[in-house]
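These are the residues of each chain, in order.
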Amino acid sequence: MATVTFDKATRIYPGSEKPAVDQLEIETEDGEFLVLVGPSGCGKSTSLRMLAGLEDVNGGSIRIGNRDVTHLPPKDRDIAMVFQNYALYPHMSVADNMGFALKIAGVNKSEIRKKVEEAAKILDLSDYLDRKPKALSGGQRQRVAMGRAIVREPQVFLMDEPLSNLDAKLRVSTRTQIASLQRRLGITTVYVTHDQVEAMTMGDRVAVLKDGLLQQVDSPRNMYDRPANLFVAGFIGSPAMNLVEVPITDGGVKFGNSVVPVSREALSAAADKGDTTVTVGVRPEHFDVVEHGAGDTKTLSKDAPAGLAVSVNVVEELGADGYVYGSAQVGGEHKDLVVRVGGRAVPDKGSELHVVPRSGEIHVFSTSTGERLSG
Ligand SMILES: Nc1ncnc2c1ncn2[C@@H]1O[C@H](COP(=O)(O)OP(=O)(O)O)[C@@H](O)[C@H]1O
Ligand SMILES: [Mg+2]
């Protein structure tokens, strides 16, 4: 086992000015499951391939444990990689596929057999060792690819979208299997996905990348509760956080017909930048639906109901709860909003809801820089 350190690691592809990965700085703990996540083209695979030794590093360095591996060939890094397409040898049996790397390394036959059988047991593949990959289901092939990595007992596992070839249902069950297997084996793992749900459910910590730049590294909980900027706020969570630009008023922000209190620090940080608005983020589950005129929120006009009037366009009923997709006038603009409501309290399509963000549950971001202002 070992730690993995990206120390300002940079990759600039030949013929390109802009780095595909720009001064990436992450340090994993020993045995940690770290997930790199971000939209397509943000530099996830490039980061992983630098760690694997499959891509040159043009600046900074990469360490595994306290070994600087920046310029070592892949075979000397003590890593095992699981690729998206599994890259199984079609003419070899499952057992031979799993043991191939050990055979190349000159490990004796009985030792290979022992390791392959152990891995097959863990992965529920014992009955398939003599089959060829084409006679396996997608999920079984995926497990063979995992097995090939496991038998090598590497210091670090690298996985690049290993679930993307599976159908949706299998993807969900396999992600749980991989996460629990990793915890059992305790091998430091760097895992790449574009799927934020996968990232949040699997990772001890999650690193969000955008345009080759690291946005935030944090536990899933902190990432959800305290996104560092507007990008992370909009990327993590489904349905996404509502983000609306609102005017700053005395002691808070103007949200429809209500003033929502905002910390003095956040307001003065915005004022320091010369901003007259902030961008407020509210997760769908953090709105309270208020009755007309009711609620203890400070109302700007006595005649109008509190909060923000949302006209209901679509209601998604999920049983336990429901999502209301509606639109509202905020800061002189038409905004689409998503509000979570109780499953037995869904409003009718075409009706109007009045919502107020729950106090203490709003996120405040600088409209000009996108950075988080609230604590
Ligand atoms: N071999 C390559 N040569 C030139 N540019 C590349 C190469 N591989 C990737 N890129 C570019 O680098 C950026 C990051 O790519 P990649 O790491 O594959 O992103 P991700 O895995 O997050 O989708 C993209 O803009 C991509 O077009
Ligand atoms: Mg990729």
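Since we're looking at a predicted model, the values are computed, not measured. (Residues numbered from 1 in each chain as written. Chains lettered and ligands numbered in written order. Predicted model: local features only at pLDDT ≥ 70, side-chain atom pairs only at ≥ 80, totals over all residues. Heavy atoms only, no water.)

A.B. asks: Requested: an account of the pattern of salt bridges, with residues and values cited.
C.D. replies: Within this structure, the stated rule accounts for 14 salt bridges. Arg113 serves as the salt-bridge partner of Glu117, at 2.9 Å between the closest nitrogen and oxygen. Taken as a pair, Glu117 and Arg113 lie in helix H3 (residues 109-123) at a separation of 4 residues, close to a single helical turn. For Arg113, a relative accessible area of 37% translates into the label partly exposed. For Lys115, the salt bridge is made with Glu153, and the minimal N-O distance between the two is 4.0 Å. (Salt bridge = Lys/Arg side-chain N within 4 Å of Asp/Glu carboxyl O. Helix = DSSP H or I, 4+ residues; strand = E, 2+ residues; numbered from the N terminus. Buried < 20%, exposed > 50% of the residue type's maximum accessible area, 1.4 Å probe, protein only.)

A.B. asks: Quick one: what's the story with the sheet that holds strand E19 (residues 352-357), residue by residue and with numbers?
C.D. replies: On the basis of which strands lie adjacent, the open sheet formed by 5 strands has the order E15-E19-E16-E17-E18 and antiparallel pairing. On the outer flanks of this sheet lie strand E15 (287-289) and strand E18 (333-342), each paired with one strand and no other. Adjacent strand axes in the sheet meet at a mean angle of 45° when their direction is disregarded. Pairing analysis gives 6 bridges linking strand E16 (residues 308-317) to strand E17 (residues 321-330), with the strands arranged antiparallel. Counted as the bridge partner of Val312 is Gly326 from E17. (Pairing = 2+ DSSP bridges. Axes fitted to C-alpha atoms, helices over the stretch in contact; angles between N-to-C directions.)

A.B. asks: Report on unusual backbone geometry, specifying residues and quantitative values.
C.D. replies: Residues Ser238 and Pro239 are joined by a peptide bond in cis, for which omega reads -5°. Of note, Pro239 is situated in the loop between helix H8 (230-235) and strand E11 (242-249). Phi is positive for Asp124, which is not a glycine, with a value near 65°. Among the secondary structure elements, Asp124 is positioned in the loop between H3 and helix H4 (138-150). For Asp124, a relative accessible area of 58% puts it in the exposed group.

A.B. asks: Which residues make up the UniProt feature "domain: ABC transporter" (unreviewed entry) in the chain, and what are the values?
C.D. replies: Listed under "domain: ABC transporter" (unreviewed entry) in the UniProt record, and renumbered for this structure, are residues 4-236. End-to-end, the C-alpha atoms of residues 4-236 are 24 Å apart, and along that stretch the chain is 36% helix and 24% strand. (UniProt positions renumbered as here; feature names shortened; annotations may be inferred.)

A.B. asks: I'd like a rundown of the side chain of His286, residues and numbers included.
C.D. replies: By secondary structure assignment, the location of His286 is in the loop between strand E14 (277-282) and E15. The class of His286 is buried, set by a relative accessible area of 13%.

A.B. asks: Break down the domain arrangement of the chain for me, with residues and values.
C.D. replies: According to the domain assignment, the chain contains domain 1 (4-234) and domain 2 (242-366). Here the C-alpha centroids of domain 1 and domain 2 sit 40 Å apart. Taken together, the contacts link 9 residues of domain 1 with 7 residues of domain 2. Both faces combined, the contact of domain 1 with domain 2 buries some 630 Å², and carbon together with sulfur accounts for 62% of it. Among the residues of domain 1 in contact with domain 2, Tyr224, Leu230 and Ala233 are the three that bury the most area, contributing 73% of the side total. Here domain 1 is connected to domain 2 by 0 salt bridges. The interface formed by domain 1 and domain 2 contains 2 residue pairs in polar contact (both at pLDDT 80 or more). (Domains from an automatic or database assignment. Contact = heavy atoms within 4.5 Å. Buried area = accessible area lost by both parts, 1.4 Å probe. Polar contact = N/O pair within 3.5 Å; in protein donor to acceptor, adjacent residues only side chain to side chain.)

A.B. asks: Mind laying out the nonpolar core, listing which residues take part and the relevant values?
C.D. replies: Core analysis: the biggest nonpolar cluster contains 44 residues, and Met98, Val208 and Ile236 have the highest contact counts within it. Beyond its immediate sequence surroundings of up to four residues, Ile236 is in contact with Gln196, Met200, Val208, Met223, Tyr224 and Arg283. Core analysis: the next-biggest nonpolar cluster, separate from the first, contains 27 residues, Val260, Ala266, Val339 and Ile362 among them. (Core = buried A, V, L, I, M, F, W, Y, C linked by side-chain atoms within 4.5 Å.)

A.B. asks: Residues and numbers for the packing of aromatic side chains, please.
C.D. replies: Counted by the stated rule, this structure contains 4 aromatic pairs. Measuring from centroid to centroid gives 5.5 Å for Phe33 and Tyr191, while their planes differ by 40°, and the two rings are tilted. Of this pair, Phe33 sits in strand E3 (residues 33-37) while Tyr191 sits in strand E8 (residues 188-193); the two residues are 158 residues apart in sequence, bridging distant segments of the chain. Across the pair, exposure class does not vary: Phe33 and Tyr191 are buried alike. (Phe/Tyr/Trp six-rings, centres within 6.5 Å; stacked < 30°, edge-to-face > 60°.)

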